[in-house]
Amino acid sequence: MPEEKKIIGLTWEPKLPSLLLGNKSGSNNKSQNVPETSMVYKSNSELIDGLFVPPNDPKKVNKLLKKQVKDTTGKNWFDMPAPTLTPELKKDLKLLKLRNVIDPKRHYKKGDSKLNTFPKYFQVGTVVEPVSEYFTSRLTKKERKPTLADELLSDKSLKDYRKRKVREIEAKNQPGGVDKWKIKGKASWKRAKQRRH
């Protein structure tokens, strides 16, 4: 058997996806009709020796660089990434905006009044207490909850404050004396008309 000569050197050609080519018979008519934006591969004019070379036009280079830049705060803020907003995170952020209502003894600086506007860059962490605060201001395992909303709902002092406030508002809105037995609204006007006639 004659031995085949080995080719020295490297050769590489881009593999074109079979979906864009249509049938395996090699007809290129379908691949030419596909618009350039939906193409998975670069056209032969953009490939040099089978490799992609960035364009010479600075505008095109800037567009390519902007696509590759990650969404972060920058070097001054240690490249903090923008997190994805989950429903739990949205609840916690809304609670933070309403923090001046939660505790009557604390007063906060007025922030953004819109409830549904959230910051783009932020981080969520857990507070780790030092060993010296083991008996004083430490949360027990029962008191620790996965989200801020759950933690506030399970807090006993906050629950008592909420109930007291609700009772005060109900007492203020409840009419006193004989007025509380009167039926108000359009139905009472109709009854009064019927009694007159």
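Residues numbered from 1 in each chain as written. Predicted model: local features only at pLDDT ≥ 70, side-chain atom pairs only at ≥ 80, totals over all residues. Heavy atoms only, no water.

## With respect to the overall build of the chain
Applied cut-off: Going along the chain from the N terminus, every DSSP run of H or I of four or more residues is numbered as a helix, and every run of E of two or more is numbered as a strand. When a residue's accessible area, from a 1.4 Å probe over protein chains only, is under 20% of the maximum for its type it is buried; when over 50% it is exposed; and in between it is partly exposed. Residue contacts are defined here by distance: any two heavy atoms, one from each residue, within 4.5 Å place the two residues in contact. Here, Shrake-Rupley sampling with a 1.4 Å probe gives the accessible areas, and only protein chains in the shown set may cover a residue.
When its secondary structure is counted, the chain shows eight helices and two strands. Going from the N terminus to the C terminus, the chain shows its helices and strands as α-α-β-β-α-α-α-α-α-α. Per-residue burial for the chain yields a buried fraction of 8% across its 197 residues. For the chain, the proportion of contacts with a sequence separation of at least 24, taken over those separated by at least 6, is 45%. Of the roughly 19200 Å² of accessible surface on the chain, a fraction of 57% belongs to carbon and sulfur atoms.

## Some thoughts on a nonpolar patch on the surface
Heads up, the rule is: Like charges are joined within 9 Å and nonpolar side chains (Val, Leu, Ile, Met, Phe, Trp, Tyr) within 5 Å, but only among residues with over 30% relative accessible area and no salt bridge; these make up the patches. Should a side-chain nitrogen of Lys or Arg be within 4 Å of a carboxyl oxygen of Asp or Glu, the pair is scored as a salt bridge.
A contiguous nonpolar patch, built from Leu98, Val101 and Leu115 and spanning about 250 Å² of accessible area, is present on the exposed surface. Here Leu115 lies in the loop between helix 5 (99-102) and helix 6 (148-154). Here Leu115 falls in the partly exposed class, since its relative accessible area comes to 36%.

## Structural notes on helix 4 (residues 87-97)
How we decide: By arc we mean the arc of the directions from the helix axis to the C-beta atoms, nothing more.
Buried within helix 4 we find Leu89, Asp92 and Leu93. Along the axis of helix 4, the buried positions cluster into a sector of 100 degrees, meaning they face one direction only. Opposite the buried face of helix 4, by more than 90 degrees, sit the exposed residues Pro87 and Lys91. Looking at the packing, one finds that the buried side of helix 4 touches helix 6.

## What to know about the side chain of Asp92
Which entries qualify depends on this criterion: Positive charges come from Lys and Arg alone, negative charges from Asp and Glu alone, with His and the N- and C-terminal ends not counted.
Counting through the fold element by element, Asp92 comes out in helix 4. Lys91 provides the closest opposite charge to the buried, unpaired Asp92, separated from it by 8.0 Å. Not counting residues within four places of it along the chain, the set of residues in contact with Asp92 comprises Thr147, Leu148 and Ala149.

## Observations regarding the packing of aromatic side chains
As a reminder of what qualifies: Centres within 6.5 Å make a pair out of two Phe, Tyr or Trp rings, where for Trp the six-membered ring is used; the pair is then stacked when the planes are under 30 degrees apart, edge-to-face when over 60, and tilted otherwise. Definition used: whenever NZ (Lys) or CZ (Arg) falls within 6 Å of the ring centre and also within 35 degrees of the ring normal, the charge is taken to sit over that ring.
Counted according to the given criterion, the structure contains one aromatic pair. Where Tyr134 meets Phe135, the ring centres are 4.9 Å apart and the plane angle is 85 degrees; that geometry is what we call edge-to-face. Residue Tyr134 is classed as partly exposed on the basis of its relative accessible area, which comes to 45%. The class for Phe135 is exposed, based on a relative accessible area of 77%. The positively charged end of Arg99 is found above the aromatic ring belonging to Tyr108, 4.7 Å away from the centroid. Here Arg138 stacks its cationic end above the ring of Tyr134, 4.1 Å away from the centre of that ring.

## Remarks on the pattern of salt bridges
Tallied over the entire structure, the rule returns six salt bridges. A salt bridge links Arg106 to Asp103, with the shortest nitrogen-to-oxygen separation between them at 3.9 Å. A salt bridge links Arg144 to Glu129, with the shortest nitrogen-to-oxygen separation between them at 3.5 Å. You can see Arg144 sitting in the loop between helix 5 and helix 6 and its partner Glu129 sitting in the loop between helix 5 and helix 6, a full 15 residues away along the chain. Looking at Arg144, the relative accessible area reads 40%, which means it is partly exposed. Connected via shared salt-bridge partners are Arg164, Lys165 and Glu168.

## Observations regarding the confidence of the model for the chain
Low pLDDT marks regions whose predicted coordinates should not be analysed in detail. Test applied: Within a predicted model, pLDDT stands for the predictor's per-residue confidence, ranging from 0 to 100.
When pLDDT is averaged along the chain, the result is 75, and 61% of the positions lie at 70 or above. Confidence drops under pLDDT 50 across residues 19-24; counting only partners more than four residues distant or on other chains, this segment forms 12 contacts. Considering only residues more than four positions removed or in separate chains, one finds that residues 26-41, a stretch of pLDDT under 50, has 17 contacts.

## Some thoughts on the side chain of Thr147
Inclusion rule: Nitrogen and oxygen atoms within 3.5 Å of one another constitute a polar contact, given that in protein one can donate a hydrogen and the other can accept it, and given that sequence-neighbouring residues count only through two side-chain atoms.
Its place among the elements puts Thr147 in the loop between helix 5 and helix 6. In terms of polar contacts, Thr147 uses its side chain to reach the side chain of Asp150, at 3.0 Å. With sequence-adjacent residues up to four places away left out, Thr147 is seen in contact with Glu88 and Asp92.

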